[in-house]
Amino acid sequence: MPVKIRLQRVGTKKKPFYRVVVMDERKRRDGVEIENVGRYQPISEENQFVINEDRILHWLKKGAQPTETIAKMLRKSGVWQKYKSAQ
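For the structure given in this document, a descriptive report is provided here. Values in this document were obtained by computation on a predicted structure and should not be read as measured data.

## Concerning the sheet that holds strand 5 (residues 65-66)
Neighbouring strands of a sheet are bound in pairs by backbone hydrogen bonds; such pairs are parallel or else antiparallel.
Here's step 1: Read from one edge of the open sheet, five strands run 4-3-2-1-5, paired in mixed fashion. For this open sheet the edge positions go to strand 4 (49-51) and strand 5, each flanked by a neighbour on one side alone.
Here's step 2: Relative to strand 3 (residues 35-40), strand 2 (residues 18-24) is paired through five bridges, and the arrangement is antiparallel. Bridging from a neighbouring strand, V22 pairs with E35 of strand 3.
Here's step 3: Each of strand 1 (3-9), strand 2, strand 3, strand 4 and strand 5 touches helix 1 (residues 53-61); the most contacted strand, strand 3, lies at about 125° to it.

Following this line, the structure appears as structure tokens:
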């Protein structure tokens, strides 16, 4: 089963709010998730990207592939460097 770490929109119209989820890449964007590992609020001025680093690293080690957007956010937050140094 190909697994992706991606965004799942849960906000209202013109007020986006996203969950960072681990899910089968063949499912719809708003389909059933395997695990919720964080959140992203692009409108908020405070901490916009909050994730559970332990669970993200766990899924990356199991072979889950992040989408381009999530990969950029992981690089910015420093989690990607932790993953690469642990390999």
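## Description of the nonpolar core
Here's step 1: One finds I5, V20, I56 and L74 to be the most contacted residues of the largest nonpolar core, which totals 21 residues.
Here's step 2: Broken down by secondary-structure element, the contributors of at least two residues to this core are strand 1, strand 2, strand 3, strand 4, helix 1, helix 2 (68-77) and helix 3 (79-86).
Here's step 3: Considering every element that reaches this core, the biggest residue donor is helix 1, with four residues.
Here's step 4: Apart from the residues within four sequence positions on either side, L74 is in contact with F49, I51, I56, L60, P66, V79 and W80.

## Some words on helix 3
Here's step 1: Buried within helix 3 are the following residues: V79, W80 and Y83. Down the axis of helix 3, the buried side of the element spans an arc of 100°, and every buried residue falls inside it.
Here's step 2: In the core, the buried residues of helix 3 are packed alongside strand 4, helix 1, strand 5 and helix 2.

## What to know about the pairing of strand 1
Here's step 1: Across the seven residues that make up strand 1, a large majority, five, are buried.
Here's step 2: Pairing geometry for strand 1 and strand 2, over seven bridges, is antiparallel. By the bridge assignment for strand 2, L7 is matched with V20.
Here's step 3: Bridging between strand 1 and strand 5 involves two bridges; their strand directions are parallel. Its bridge partner lying in strand 5, I5 is registered against P66.

So, how was this worked out
Residues numbered from 1 in each chain as written. Predicted model: local features only at pLDDT ≥ 70, side-chain atom pairs only at ≥ 80, totals over all residues. Heavy atoms only, no water. Pairing = 2+ DSSP bridges. Helix = DSSP H or I, 4+ residues; strand = E, 2+ residues; numbered from the N terminus. Contact = heavy atoms within 4.5 Å. Axes fitted to C-alpha atoms, helices over the stretch in contact; angles between N-to-C directions. Core = buried A, V, L, I, M, F, W, Y, C linked by side-chain atoms within 4.5 Å. Buried < 20%, exposed > 50% of the residue type's maximum accessible area, 1.4 Å probe, protein only. Arc of directions from axis to C-beta.

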